[in-house]
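Architecture at a glance
Next come the chains, spelled out residue by residue.
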Amino acid sequence: MTAVSAVLATTAALFTTAVLPGSTASAAGAPAGYAFDGDARRVEGASGPSDAVPLEPGVTYRSSLPRDGTLYYRLDLDAASDAYVAVTAVPGTGEVTAVDGIRVSVQDADGTSCSSDSATFGAARSPRPVTAWAVRETDPGGTRCQEPGTYYVTVERSRPEDSPPQDWDLELSAVTEPRPREAGASEAPESWDSASPEPVAGEAERRAGGDGFADATPVGPGAWRDDIRPGQTLFYRVPVDWGRRLHATAELGGSGDRSGYATAALRLALHNPVRGEVDDAAKGYTGRETAVGLAPLPPVAYANRYAADGQVAAMRFAGAYYLVVHLAAQVADDFGEGPFALTLRVRLEGASRTGPGYAGEPRPRGVFEVPVTERAAAPGGGGADDDLALKAVAVGGIGTGSALLLGLGVWTAVARRGARGVRGPGGA
C-alpha cells in the first residue's frame, strides 16, 4: 500500500466513523452479532473436491457450515508464495460444548494435508465467533505441498455429534505472501526478552470496539475503555511494524454487590494480519475487578516462522494485529446483563525495522505493511511521512467535511512527495 492509498483509506474510515458513531452494541443496548465484511462475496462450500469453488487471494467470502459433513473450497497457487486461509465461524445463540468449534485444513490435489488448525469454544461454553487458520508454505527443501496448481480448503465442525443443528455462518479470508527478494535467516531468533512488561498505566480513553475483523476499531499504545455485555465480542486493530513487540491486557470492572462465579468469563485473544490466532487467555469472574493478559511475545520478524513454538511462529509479519475480547454469556446468570466496564491496555515496544523486501506483491496488497497514517499513532515507529500522517489522524476530532478536506490536502502533499521518489514502507 502506498502512502497515498494509506491516507485515502484513513480518510474514508474517518468519514464512516463520523457518519456512524459508536458500535452496533451500544446503539441497540444489547450484544450485537458478528459484523461480516460488507464486500464479502457469497459462495457455497462443496461436499467434495470436484465441485469446489475457487477462493481468490485478497478477497473475503461468506458461506455457511452445516452440522454434518466437510465443505471444500479450491485454491489455485503458484510455487513461490505462501498461502494463508482463515475461517471465522459464527454459531448463533444455541448451546455449545467446550470442545465444539471448527477445523480447517489446506490439502494438495492428492489429499495430502499441508496444515490444519482447530478453534473451540473452550471452558466458558459461550457461543462466540471462532477462527481457525491453515497454511500452505513453500520451502526449497520441502517435500510436500510445494508444486503449483490446485489445493483445497476444508472446513468442518470439531465435534458435530454434540453441535447445535443450525447452520453456522462463515467468513473466509485468503492471503498470499511472496518470497523475499534475498534469502535471509532460516532459523528463528534464538533469544528475546520473555518477561511480561508492565501494563500501560493511566486514565483510559473511551473507544468503542468493533463487531468483527472487517470493522475492528483501530487503536495504538495506551488505555482504551468501552462497555461490554455478556455474550458480546469486541474487535480492535493494532498496527505492529517489523521489529516491534506487542503486549495487551483486558480488565473487567466489578458488578457491585452481586456474587457468583463464571468460568473463563473474560477472554482476550490476539490474531495476526492473516487473522490467525497467536495467543489467547481467559479468566474466571467472581463479580470483582479482574484482568487477563497475553503471554510474552517476540518482536515481529520474518524469521519467526521457523520457530517450533506456534505463538512465536505466528508473529511472522508486520501489519494489523487484532485484539479480540469476549465476555461469556453465562456471566449474566449471576451478575446480570450489564453492561460491564472494560479497559484494554496496549503496549508497543521496540523500534521499527525494515521488512524482508518481498519479490512480489502480497494479496491483498499492503496486508503486511503498517501505513504511515497508522504508524504515527504508534510511538517509536518513526518515518519521514509521520508529520503528514499525524495531520490525517488529527482530523478524527473535527467535523466530517473538514476531515475530508484535510485528508485530501494530506493526500496531495504525499502524492507530490511520491512523484519525487518517496516510497511507502516495503514498496518495490
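Residues numbered from 1 in each chain as written. Predicted model: local features only at pLDDT ≥ 70, side-chain atom pairs only at ≥ 80, totals over all residues. Heavy atoms only, no water.

Section: the overall build of the protein chain
Operational definition: A run of H or I in DSSP counts as a helix once it spans at least four residues, and a run of E counts as a strand once it spans at least two, with each numbered from the N terminus. Throughout this description, buried means an accessible area under 20% of the type-specific maximum (1.4 Å probe, protein chains only), exposed means over 50%, and partly exposed covers the range between. By definition in these notes, contact holds between two residues if any of their heavy atoms fall within 4.5 Å. Here the Shrake-Rupley method, with its probe set to 1.4 Å, supplies the accessible areas, and only the displayed protein chains count as covering residues.
Looking only at helices and strands, the protein chain features seven helices and 20 strands. For the protein chain, buried positions account for 50% of its 428 residues. A separation of at least 24 residues holds for 74% of the contacts in the protein chain among residues at least 6 apart in sequence. Accessible area for the protein chain stands at about 18700 Å²; split by element, carbon and sulfur atoms hold 49% of it.

Here's the deal with the sheet that holds strand β4 (residues 71–77)
Selection criterion: Two strands are counted as paired when DSSP detects at least two bridges linking them.
Ordered by their spatial adjacency, five strands build an open sheet running β2-β4-β9-β6-β7, and the pairing between neighbours is mixed. Two strands close off the open sheet at either side, each with one partner strand: β2 (53–54) and β7 (113–120). As paired elements, β4 and strand β9 (residues 149–157) share seven bridges and run antiparallel to each other. For Tyr72, the partnering residue across the bridge sits in β9 and is Thr154.

Points about the nonpolar core
The criterion, for reference: What makes a nonpolar core is a set of buried Ala, Val, Leu, Ile, Met, Phe, Trp, Tyr and Cys residues whose side-chain atoms join them at distances within 4.5 Å.
The biggest cluster of nonpolar side chains holds 52 residues, and the ones touching the most others in it are Leu268, Leu270, Tyr321, Leu323 and Val331. With six residues, strand β16 (residues 262–271) is the largest single contributor of residues to this core. Non-local contacts of Leu270, meaning those with residues more than four positions away in its chain, are made with Leu246, Gly276, Glu277, Val278, Asp279, Leu294, Leu297, Met315, Tyr321, Tyr322 and Leu323. Leu65, Val85, Val87 and Ala174 belong to the second-largest nonpolar core, a separate cluster that totals 31 residues.

With respect to the confidence of the model for the protein chain
For the record, the criterion: What pLDDT expresses is the predictor's confidence in each residue, scored from 0 to 100.
Of all residues in the protein chain, 80% have pLDDT values of 70 or greater, and the mean over the chain is 83. Contacts from residues 1–30, a stretch scored under 50 in pLDDT, to residues over four places away or in other chains number 43 contacts.

Considering the state of the cysteines
Rules: To count as a disulfide, a pair of cysteine sulfur atoms needs to be within 2.5 Å.
Enumeration according to the criterion identifies one disulfide in this entry. One disulfide in the model links Cys114 with Cys145; its S-S distance is 2.1 Å. Across the S-S bond of Cys114 and Cys145 the torsion is about -95°, and the bridge reads as left-handed. With Cys114 in strand β7 and Cys145 in the loop between β8 (130–136) and β9, this residue pair connects regions lying 31 residues apart in the sequence.

What about the layout of surface pockets?
Quick note on the threshold: Only protein atoms enter the 1 Å grid used here. Points where a 1.4 Å probe fits but cannot escape make up a cavity, open sets with protein on both sides within 12 Å along at least five of seven lines make up a pocket, and a residue lines them when an atom lies within 4 Å of a point. Grid points are joined across faces, edges and corners, and a volume is the space filled by probe spheres set on the points. Polar here means any residue outside two lists: the nonpolar Ala, Val, Leu, Ile, Met, Phe, Trp, Tyr, Cys and Pro, and the charged Asp, Glu, Lys and Arg; Gly therefore counts as polar.
Within this model, the second largest pocket holds a volume of roughly 760 Å³. Considering the residues around the second largest pocket, the lining is formed by 33 residues, among which Asp82, Glu137, Thr138, Asp139 and Tyr306 are closest to the centre. Where the lining of the second largest pocket is concerned, the elements lending two or more residues are β7, β8, β10 (168–178) and α3 (310–314). At four residues, β7 tops the list of elements feeding residues into the lining of the second largest pocket. Taken together, the residues of the lining of the second largest pocket break down into 14 nonpolar, nine polar and ten charged.

Some details on the side chain of Thr60
Its place among the elements puts Thr60 in strand β3 (residues 60–65). Dropping the residues within four chain positions of it, Thr60 is found in contact with Asp37, Asp39, Ala40, Arg41, Glu171, Leu172 and Arg275.

Focus on the sheet that holds strand β14 (residues 233–240)
Within the open sheet, the five strands sit side by side as β12-β14-β19-β16-β17. Their pairing is mixed. Each end of this open sheet is capped by a strand with a single partner; those strands are β12 (217–218) and β17 (277–285). Where β12 meets β14, two bridges bridge the pair, whose relative direction is parallel. Counterpart to Pro218 in the pairing with β14 is Arg237.

What to know about the packing of aromatic side chains
Given two aromatic rings, one states the distance between the centres and the angle between the planes to describe the pair. The condition is simple: Think of it this way: a Phe, Tyr or Trp ring, Trp meaning its six-membered ring, pairs with another when their centres are within 6.5 Å, and the plane angle makes it stacked under 30 degrees, edge-to-face over 60, tilted otherwise. Two conditions define a charge sitting above a ring: the NZ of Lys or the CZ of Arg must be within 6 Å of the ring centre, and it must be within 35 degrees of the ring normal.
As enumerated under the stated definition, the model contains twelve aromatic pairs in all. Note on Tyr84 and Phe317: the rings are 5.3 Å apart at their centroids and 85° apart in plane angle, and the pair reads as edge-to-face. Of this pair, Tyr84 sits in strand β5 (residues 81–90) while Phe317 sits in the loop between α3 and β19 (319–327), and the two are 233 residues apart along the sequence. For the pair shown, Tyr84 and Phe317 are each scored as buried. Grouping aromatic residues by their ring pairs yields a cluster made of Tyr84, Trp133, Tyr302, Phe317, Tyr358 and Phe368. It is Arg305 that lies over the ring of Tyr302; its NZ or CZ is 3.7 Å from the centre.

What about the pairing of β19?
Along β19, nine of the nine residues are buried, which leaves the element largely enclosed by surrounding structure. Relative to β19, β16 runs antiparallel, the two sharing six bridges. Each bridged residue has a counterpart across the sheet, and for Arg267 the counterpart in β19 is His326.

Overview of the pattern of salt bridges
For the record, the criterion: For this document, the term salt bridge refers to a Lys or Arg side-chain nitrogen within 4 Å of an Asp or Glu carboxyl oxygen.
Enumeration over the complete set of coordinates arrives at 21 salt bridges. Its salt-bridge partner being Glu56, residue Arg363 comes within 3.4 Å of it at the nearest N-O pair. Taken together, the positions of Arg363 in the loop between β20 (340–349) and α5 (372–375) and Glu56 in the loop between β2 and β3 put the pair 307 residues apart, joining distant regions of the chain. Residue class for Arg363 comes out partly exposed when judged on its relative accessible area of 37%.

A closer look at the environment of Gly254
Relative to the helices and strands, Gly254 resides in the loop between β15 (245–252) and β16. For Gly254, a relative accessible area of 43% gives the class partly exposed. Separated by 32 residues in the primary sequence, Gly254 and Thr286 have C-alpha atoms spaced 8.5 Å apart.

Some thoughts on the pairing of strand β6 (residues 101–108)
Side-chain positions along a regular strand alternate between the two faces of the sheet. With seven of eight residues buried, β6 is to be regarded as a mostly interior element. Note that β6 and β7 share seven bridges and pair antiparallel. Across the sheet, residue Gln107 finds its bridge partner in β7, namely Ser113. Between β6 and β7, which pair antiparallel and follow one another directly, the connecting turn spans four residues, one of which, Gly111, has a positive phi of 90°. Pairing of β6 with β9 involves seven bridges; the strand directions are antiparallel. Its bridge partner being in β9, Ser105 is matched across the sheet by Thr154.

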